[in-house]
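Chains, contacts and geometry: an overview
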Amino acid sequence: MDESAQRILEYLTEVEVAAEDILSDKQQIVDLDSRRNRNREALGALRNHSSNDNVKVCFGNMFIKFPQESTRSMILKDQEQLDKEISDLRKQLKAKVNRLNDLQGKPELRGYNLSPLSNDEIKAISTLLKK
């Protein structure tokens, strides 16, 4: 194989690896989000559960009785961890998409690195607009 064909093959391989990495991150975000939704459903079921006695919790292939409050705290901790993982993956995804665009010679996406306003910033803007 001549040198130009080798360079083209290396370029296409690099682009394909970057695209696969992006797709795998997107799929991981979807999987984590579905797990987060199942946790949200479980918290709703616990909220509707009338008594404070033990509830059955599924771990793998078995159900175990746990106190309701410890189950709720365990699910809330899991929710926090899932939120953090999803947030981290989304931040990494932005950088990976920019890298892929650079590899393909496309311009950087405009407005892609925007972040939402914090509560303090929203309050400051609303007080300025009310004056």
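Everything discussed here concerns the structure shown above.
The structure reproduced in this document is the subject of the present report. (Residues numbered from 1 in each chain as written. Predicted model: local features only at pLDDT ≥ 70, side-chain atom pairs only at ≥ 80, totals over all residues. Heavy atoms only, no water.)

Mapping Thr71 onto the fold places it in helix α2 (residues 68-104). Not counting residues within four places of it along the chain, the set of residues in contact with Thr71 comprises Leu46, Val55, Val57 and Phe66. (Helix = DSSP H or I, 4+ residues; strand = E, 2+ residues; numbered from the N terminus. Contact = heavy atoms within 4.5 Å.)

What follows deals with the pairing of strand β1 (residues 54-59). Pairing between β1 and strand β2 (residues 62-67): six bridges, direction antiparallel. Counterpart to Cys58 in the pairing with β2 is Phe63. Taking the residues that link successive antiparallel strands as the turn, the β1-β2 hairpin has two residues, and the phi of Gly60 there is positive, at about 65 degrees. (Pairing = 2+ DSSP bridges.)

Before going further, it helps to examine the packing of helix α1 (residues 3-48) against α2. Running from N to C, α1 and α2 point in directions that differ by 160 degrees, and their axes come no closer than 9 Å. Classed by the angle they form, the pair α1 and α2 counts as roughly antiparallel. Seen from above, α1 lies across α2 with left-handed handedness. (Axes fitted to C-alpha atoms, helices over the stretch in contact; angles between N-to-C directions. Parallel < 35°, antiparallel > 145°, perpendicular 65-115°, else oblique. Left-handed = near helix turned anticlockwise from the far one by under 90°.)

With 46 residues, α1 extends 68 Å between its outermost C-alpha atoms, agreeing within 8% with the 68 Å of an ideal straight helix rising 1.5 Å per residue. Taken together, the buried positions of α1 are Val15, Ala18, Ile22, Asp25, Ile29, Leu32, Arg36, Asn39, Leu43, Gly44 and Leu46. Tucked into the core, α1 has its buried residues touching β1 and α2. (Expected span 1.5 Å × (residues − 1). Buried < 20%, exposed > 50% of the residue type's maximum accessible area, 1.4 Å probe, protein only.)

A word on the nonpolar core. Counting residues in hydrophobic clusters, the biggest one holds twelve residues: Val15, Ala18, Ile22, Ile29, Leu32, Leu82, Ile86, Leu89, Leu93, Val97, Leu100 and Leu103. Where this core is concerned, the elements lending two or more residues are α1 and α2. Examining the composition of this core, we find that seven residues originate from one element, α2, more than from any other. If we skip the residues at most four places from it in the chain, Val15 touches Leu100, Leu103 and Gln104. In this structure, Leu43, Leu46, Val57 and Ile75 belong to the second largest nonpolar core, which totals five residues. (Core = buried A, V, L, I, M, F, W, Y, C linked by side-chain atoms within 4.5 Å.)

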